[in-house]
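Commentary on secondary and tertiary structure
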Amino acid sequence: MRIAVFLAVTPFVAAASIGGAPAFAAGTSDVLHVSPTGRGASCSAAAPCDLTTARDQVRGMIPHAKADIAVELSGGAYRLTSPFTLGVQDSGRPGHRVIYRAAPGQVPVLNGATRVTGFTKVDAAKNIYRAKVPAGTSSRELFVDGVRARRARSASNPAGFTGTSTGFTTSDGSYASWTNTSQVEIVNNNAWKQMRCPLASITGNGSGGSNLTVDPACWNNNHVSVPNPGFPFNGAGLPTLSGISWIENAYQLLGTPGQFYLDSAAGYLYYVPRPGENLAQADVELPVAPELLDLSGTPGHLAPLNDTDWRATYTGSWGYQSGRPLGDLNGDVHYTSTNGDAFNYAFSGTGIQVLSETSSDEGTADVYVDGTKVSTVSGNGPERLAQQAMVSVTGLTKGKHILKLVKTGGDYLLVDGVTVIPDVVAPVHDVNFDGITFAYTTWNAPTAEGYVDNQAGVLWDPTTRKPIRIPAAVQVHRGARISFTGDVVQHTGTSGIDLADQTQDSSVTDSSITDTSGVGVSVGEVDDYYQTQTGLMTSGNTVSGDTIQHPGQEYQDAVGIFVGHSRNTTLAHNDVGYTPYSGITIGWGWGWASSCDLQAKQGLPTPCSHGRTYSGGNHLVDNHVHSVMGVLNDGGPIYTLGGQASASEFTGNVLSECINGCNMIYHDEGSSLWNTHDNVVRFGNGSLWLNLWTPTIHDDSIHDNYTDTAAYNNNGTNITFQQSTVVTDGNWPPAAQAIINAAGPGTPTSKLVDDDDLRISYNGSWSSSGSRGDGDLNDGVHYTQQDGASATITFTGTGISFLTETNSDEGQVGVTLDGVTKPAVNANTPSRQVQQQVYSVTGLAAGSHTLTVSKLGGTYFLVDGFQLSS
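A brief report on the enclosed structure follows. For clarity, every value in this text was computed on a predicted model and none was experimentally measured.

**Regarding the overall build of the protein**
Counting its secondary structure elements, the protein contains five helices and 80 strands. Rg of the C-alpha trace for the protein: 29 Å, near the compact-globule value of 29 Å for 870 residues, within the 12% margin. Relative to its full complement of 870 residues, the protein shows a buried share of 58%. Of all intrachain contacts in the protein linking residues separated by at least 6 positions in sequence, the fraction that spans at least 24 positions is 75%. Seen as two clouds, the 45 positive and the 77 negative side-chain charges of the protein have centres 6 Å apart.

Structure, rendered in structure tokens:
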């Protein structure tokens, strides 16, 4: 039984009342009516209300609910400039959930854009159109008929620039005439990072050229003094903004179809339409909202404060030391060797944690809260471990408190930092979102501050230089049992969905997250590694059955799925593809959890930065990860990082089509306790099927995998290793084929089948080529030079078309349909033509059919995809 609240443009029948509070059920009278444009207070048929009013009505129903409460959204655009918010008071109960769902057959869209109309042509030579928008409108995104436009940009890797102490210089004097130079952005892709900085100015120089001066604060963060705290926040590599991959966001760069320029101060949007676009009829969406849905429990983000925080007082003979190479928070500690010395910290909240060090020379301390002794703790241990939560006090009455820590034994007592818990730990919980579409957001912070990258969508705050992440269109802060099922997140200037701040037992399932500027789905944090309280750990979350494609469309270090520190996270049966960097990345910390002996074998300094993490028990199962590393380097389809505290599973995954600088199974620095088995690796294009490059990678088990290459690197420690079964010409044995058949979200339903779809089997000598820039379907193809090599697809329907490239180096293509040879078709043309239907058949009997296309002649034969008809 469910109590239902209907959000509907059309009227519904009325409902009854239960226990003095309104209760609503489908098909009864007095239904609460809500529409995207509703403004009524009563949510009646005569005066429908909006989504916020419906939430407030449900809030009053929750205390009386005896079953689920279902909020049903009818189709249409719910336009937002700020997010729809839910807090702890909007939570359901275990077994009685609050469900926001689409009405049957309807497509409700939470839309963060404003629609732009009234375009007129203002530059006939460049085909530039202009429309008025409110002055001060800020956005970094534009979508025309659901297709992402790009901010005006230069050609890639523009020639003639030389680095200076403040930016770049060139002999080309035309840059000095550019307008709105503080809005112009320098972009540099370097190794695994993308860095962005706004300009401070462009000026002419004495030799007739131009000097591009980068915003000084951003230049410092991305070039002069890149944040480098070391383990557990970043590794030894430190790429900097040292060149120009392209220049972005100047009106003078406009002229390429599909690019735009927003003059925020003047209130004008400029756009160059693509062929076939009619701006008088097109749906032009300019995102203005930074977020669409926010579910927030309490407290918000928890991060440690340094031992030098102004609220800390030290009584007695305390010393202070900085620069210790031992992994201290911010590189410093306070310490004492005198019993009776005390550390005091005044705070407001419900709890506090004190970070210290464990070692053989550490001793005991008494813990007092508000003058009352609550415990005795010890920092004594057999090995030195930095940033350990020696004190954890929780469950206090919310308010002002004083913590006192008094040394009672041992040689030393160290204080490295504190984490204040400012509020009651109360997750937002038991809320579902089913069948809802979330579209169109923007994130404007990089326009002023730049983009200070660390790795995989984890950044450095430009001011505090602490870790932050790209914000998401759908944000969960400290949730429990939050569920997203059958939802669509698309066309965002942010990440897609973020299960943040120690969210637990929540899920993203059977959903589509595509075309995001940042990460597709994020789970967990990177700065809670020290946690010992299970209620303050990310745990029990699931991302399964999802299609996550084309992340990182603006911030190209972003990945399809990001998991930070976490316990018992399951990533299963997802399709992750078309990524500029890695497909899935899980873990953090680099060699932090590896012993100093292993760090020394890697060549790192001794003594070392060494601590613990709570991560472990994670599962990467039956995912299809493909067409990755389209732009950056040093990643792979699935990338693990840092130690696991308990065994984790990596099995049943199909990893394929790696484009640049790849390692197909990449257990990077510190990765430990992974059981990696029964995976299929193919089309790595010269990549290693496995890379364990350094001794801090330890105690992993690698066995029973299937690959199309024998190349690997095993320099790990205590690795149980079995070479893969190496397969040639696509002749996968039954066990491997079973893995291929089981991977991904299940039976695909898309009628447009890309060349890396698992429904296609390749026999013979094939390779893949991605990021070609030639107009291929999803910018990539499979190709062969071997006569007789074939591609086969089995499909259900009444027709199919084969898509390929025609060119002067292509030849005859053999065709077999349901075992019957058909006349060969010709792919040879004088010049390159992409996505060409060289073979098509219709009118087949409804049911299962098999099409095989094969190379008969020419130098190359390409497969770009298939188009099915039902």
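**Observations regarding the packing of aromatic side chains**
For the structure on display, the rule yields 34 aromatic pairs. Summarising the aromatic geometry, the rings of Phe650 and Trp674 are spaced 6.3 Å apart at their centres and angled 85° between planes, so their arrangement reads as edge-to-face. Taken together, the positions of Phe650 in strand S58 (residues 648–651) and Trp674 in strand S61 (residues 674–677) put the pair 24 residues apart, joining distant regions of the chain. For Phe650, a relative accessible area of 0% corresponds to the buried category. With a relative accessible area of 1%, Trp674 lands in the buried category. What links up through ring pairs into an aromatic cluster is the set Phe683, Tyr762, Trp766, Phe802, Phe861 and Phe866. Taking the ring centre of Tyr268 as reference, the NZ or CZ of Arg130 above it sits at 3.9 Å. Sitting above the plane of the Trp246 ring, Arg153 keeps its charged end 4.0 Å from the centroid.

**Re the state of the cysteines**
Applying the stated criterion across every chain yields a total of three disulfides. Across the disulfide from Cys197 sits Cys218; the S-S distance is 2.0 Å. Note on the Cys197 and Cys218 pair: the S-S dihedral is about -90°, so by sign convention the disulfide is left-handed. With a gap of 21 residues between them, Cys197 in strand S18 (residues 193–204) and Cys218 in helix H2 (residues 216–224) connect regions that are remote in the sequence. You can call Cys197 buried: its relative accessible area is 0%.

**Some points on the environment of Val476**
Structurally, Val476 can be placed in strand S42 (residues 472–477). Taking C-alpha positions, Val476 is 5.7 Å from Ala500, a pair spaced 24 residues apart along the chain. Those residues within four positions of Val476 in sequence are excluded, and the remaining contacts are Leu295, Ile482, Phe484, Asp498, Leu499, Ala500 and Thr503.

**What to know about the sheet that holds strand S6 (residues 84–86)**
Taken together, the eleven strands give an open sheet; going across it, the order is S6-S24-S42-S45-S48-S51-S54-S57-S60-S63-S66, and neighbouring strands pair in parallel fashion. Two strands close off the open sheet at either side, each with one partner strand: S6 and strand S66 (712–714). Averaged over all neighbouring strand pairs, the angle between strand axes comes to 10°, with direction disregarded.

**Points about the sheet that holds strand S36 (residues 417–421)**
Ordered in space as S25-S36-S30-S33, the four strands form an open sheet in which the pairing is antiparallel. Among the strands making up the open sheet, the edge pair consists of strand S25 (305–306) and strand S33 (385–393). Strand direction decides the pairing type here: S25 and S36, joined by two bridges, are antiparallel. Residue pairing across strands places Asn306 opposite Gly417, the latter belonging to S36.

**A short note on the pattern of salt bridges**
Inspection of the entire model under this criterion finds 31 salt bridges. Arg59 is the partner of Asp56 in a salt bridge, and the nearest nitrogen-oxygen pair spans 3.9 Å. On the criterion of helical spacing, the pair formed by Asp56 and Arg59 is a turn pair, its members being three residues apart in helix H1 (residues 51–61). Note on Arg59: relative accessible area 29%, which makes it partly exposed. The partner of Arg469 in a salt bridge is Asp498, and the shortest N-O contact between them spans 3.1 Å. With Arg469 in strand S41 (residues 467–469) and Asp498 in strand S45 (residues 495–500), this residue pair connects regions lying 29 residues apart in the sequence. The structure contains a network of salt bridges with shared partners spanning Arg140, Arg151, Arg153, Glu185, Arg196, Glu248 and Glu554.

**Focus: the nonpolar core**
One finds Tyr100, Leu295, Phe433, Phe438 and Phe484 to be the most contacted residues of the largest nonpolar core, which totals 91 residues. Phe484 has contacts with Leu293, Leu295, Phe433, Val474, Val476, Ile497, Leu499, Ser507, Val508, Thr509 and Ser511, leaving out every residue within four places of it along the chain. Ranked by size, the runner-up nonpolar core spans 26 residues in total, among them Phe802, Leu817, Val853 and Leu868.

**Topic: helix H5 (residues 734–742)**
All buried positions along H5 are accounted for by Ala736, Ile739 and Ile740. One side of H5 carries all its buried residues, which in axial view fall inside an arc of 100°. Opposite its buried face, H5 presents the exposed residues Pro734 and Asn741, each directed more than 90 degrees away. The inward-facing, buried residues of H5 contact strand S59 (654–658), strand S62 (680–682) and strand S65 (706–707).

**A short note on the pairing of strand S43 (residues 479–485)**
S43 sits mainly inside the fold: five of its seven residues count as buried. Taken together, the six bridges between strand S37 (residues 428–434) and S43 define a ladder with parallel strand orientation. The residue bridging His429 from the neighbouring strand is Ala480, located in S43. Bridging between S43 and strand S46 (residues 507–509) involves three bridges; their strand directions are parallel. By the bridge assignment, Thr485 is partnered in S46 with Thr509.

Definitions and cut-offs
Residues numbered from 1 in each chain as written. Predicted model: local features only at pLDDT ≥ 70, side-chain atom pairs only at ≥ 80, totals over all residues. Heavy atoms only, no water. Helix = DSSP H or I, 4+ residues; strand = E, 2+ residues; numbered from the N terminus. Rg over C-alpha atoms; globule rule 2.2 N^0.38 Å. Buried < 20%, exposed > 50% of the residue type's maximum accessible area, 1.4 Å probe, protein only. Contact = heavy atoms within 4.5 Å. Lys, Arg positive; Asp, Glu negative; His and termini not counted. Charge placed at Lys NZ, Arg CZ, Asp CG, Glu CD. Phe/Tyr/Trp six-rings, centres within 6.5 Å; stacked < 30°, edge-to-face > 60°. Lys NZ or Arg CZ within 6 Å of the ring centre and 35° of its normal. Disulfide = S-S within 2.5 Å. Pairing = 2+ DSSP bridges. Axes fitted to C-alpha atoms, helices over the stretch in contact; angles between N-to-C directions. Salt bridge = Lys/Arg side-chain N within 4 Å of Asp/Glu carboxyl O. Core = buried A, V, L, I, M, F, W, Y, C linked by side-chain atoms within 4.5 Å. Arc of directions from axis to C-beta.

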